[in-house]
Each structure stands twice: as C-alpha cells, then as structure tokens.
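# Geometric and topological summary
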Amino acid sequence: MTKSETLAGKPPLREQRETCWKLRDEYFSCLETLSVFDPAKVDTDELIKTLVKKSDCWKKKSAYENACMTSWVDYFNKRRTLEIRQRQIADAKKRSDGESESK
C-alpha cells in the first residue's frame, strides 16, 4: 500500500490486507531467526539494526512497512512484543507451578 493511499483515507482492499499480513509474518519470522523479538529495537538499537541490515530481514522490513498502513505497522509491532511478553510470563508461571508440585 502506498503512502498516498493511506493519506487518501481509503480502507485497504482485501488483497492489500492479505499482502500486508503475509509480509508482516515473513518479517517477524525473519526477526525470530535472529532472536530479535521487539521490532521497535530495529530502529533504535544500532547493534540490532546492523544485524538486521546484514540479513535478508532488512528487505522484508521495508516490504512490510511499504505494504501496510503506518498505524497497522505500529499496532502489529506493539502486539508482537506484548504477545511475546505474555508467553514468557505464562511459561515462567508453568515452570514455577511445576517446581512447586515436585516439592
């Protein structure tokens, strides 16, 4: 989706949404292979940015950001970080419950 379409305020078509989701999933999978779980750090942490630029993830980031509305990119990035944190908390709780039961 081009920025002009976003500025025009038109909702994305089904094909555009599907393309956005596909590119988002590809980018997030790429980040996962690099053990980068917070997409915002790609722009703020120089070490992570260098790592991503050396991989194929940088191209995927660009494609994802160009295909999706900016508000969607912000939302998906925050949602990914939140989901990972929730998973980590749930896993820690399971481990702690398992340790309590074994005593």
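Residues numbered from 1 in each chain as written. Predicted model: local features only at pLDDT ≥ 70, side-chain atom pairs only at ≥ 80, totals over all residues. Heavy atoms only, no water.

The protein is annotated in an unreviewed UniProt entry as Cytochrome c oxidase, subunit VIb of Gigaspora margarita. Under the Sequence similarities (unreviewed entry) heading, UniProt states for the protein: "Belongs to the cytochrome c oxidase subunit 6B family." In UniProt, the protein has this text filed under Subcellular location (unreviewed entry): "Mitochondrion". (UniProt positions renumbered as here; feature names shortened; annotations may be inferred.)

## Description of the overall build of the protein
For the protein, the helix and strand inventory stands at six helices and zero strands. Ordering the α and β elements of the protein from the N terminus gives α-α-α-α-α-α. Counted over contacts in the protein with a minimum sequence separation of 6, partners at least 24 positions apart contribute 61%. Total accessible area on the protein is roughly 7,400 Å²; 54% of this is exposed by carbon and sulfur atoms. (Helix = DSSP H or I, 4+ residues; strand = E, 2+ residues; numbered from the N terminus. Contact = heavy atoms within 4.5 Å. Areas by Shrake-Rupley, 256 points an atom, 1.4 Å probe, with all protein chains shown as cover.)

## Structural notes on the packing of aromatic side chains
Throughout the structure, instances matching the rule amount to five aromatic pairs. The interplanar angle of 40 degrees and the centroid separation of 5.9 Å between the aromatic rings of Tyr27 and Phe28 together place this pair among those described as tilted. With 5.4 Å between their ring centres and 25 degrees between their planes, Tyr27 and Tyr64 make a pair best called stacked. Placement of the pair is Tyr27 in helix H2 (residues 14-33) and Tyr64 in helix H5 (residues 57-67), with a sequence separation of 37 residues. On the basis of relative accessibility, which here comes to 1%, the residue Tyr27 falls in the buried class. Its relative accessible area of 0% is what places Tyr64 among the buried residues. Here the aromatic residues Tyr27, Phe28 and Tyr64 are joined through ring pairs into a cluster of three or more. Above the ring of Trp58, the side-chain terminus of Lys53 is found at 4.9 Å from the ring centroid. (Phe/Tyr/Trp six-rings, centres within 6.5 Å; stacked < 30°, edge-to-face > 60°. Buried < 20%, exposed > 50% of the residue type's maximum accessible area, 1.4 Å probe, protein only. Lys NZ or Arg CZ within 6 Å of the ring centre and 35° of its normal.)

## Quick word on unusual backbone geometry
The backbone of Ser35 shows a phi angle near 60 degrees, a positive value even though the residue is not glycine. One can find Ser35 in the loop between H2 and helix H3 (41-44).

## Looking at H5
An α-helix turns once per 3.6 residues; consequently, residues spaced three or four apart project the same way. Residues Cys57, Lys61, Tyr64 and Ala67 constitute the buried set of H5. Viewed end-on, H5 has its buried residues packed into an arc of 140 degrees, placing them on one side of the element. (Arc of directions from axis to C-beta.)

## What about the pattern of salt bridges?
All chains considered together, the criterion is met by eight salt bridges. Residue Asp25 pairs with Arg24 through a salt bridge whose shortest N-O separation is 2.9 Å. According to the relative accessible area criterion, Asp25 is partly exposed, its value standing at 39%. Overall, the relative accessible area of 17% leaves Arg24 in the buried class. Salt bridges here are not isolated pairs; linked through shared partners, they connect Asp43, Lys61 and Glu65. (Salt bridge = Lys/Arg side-chain N within 4 Å of Asp/Glu carboxyl O.)

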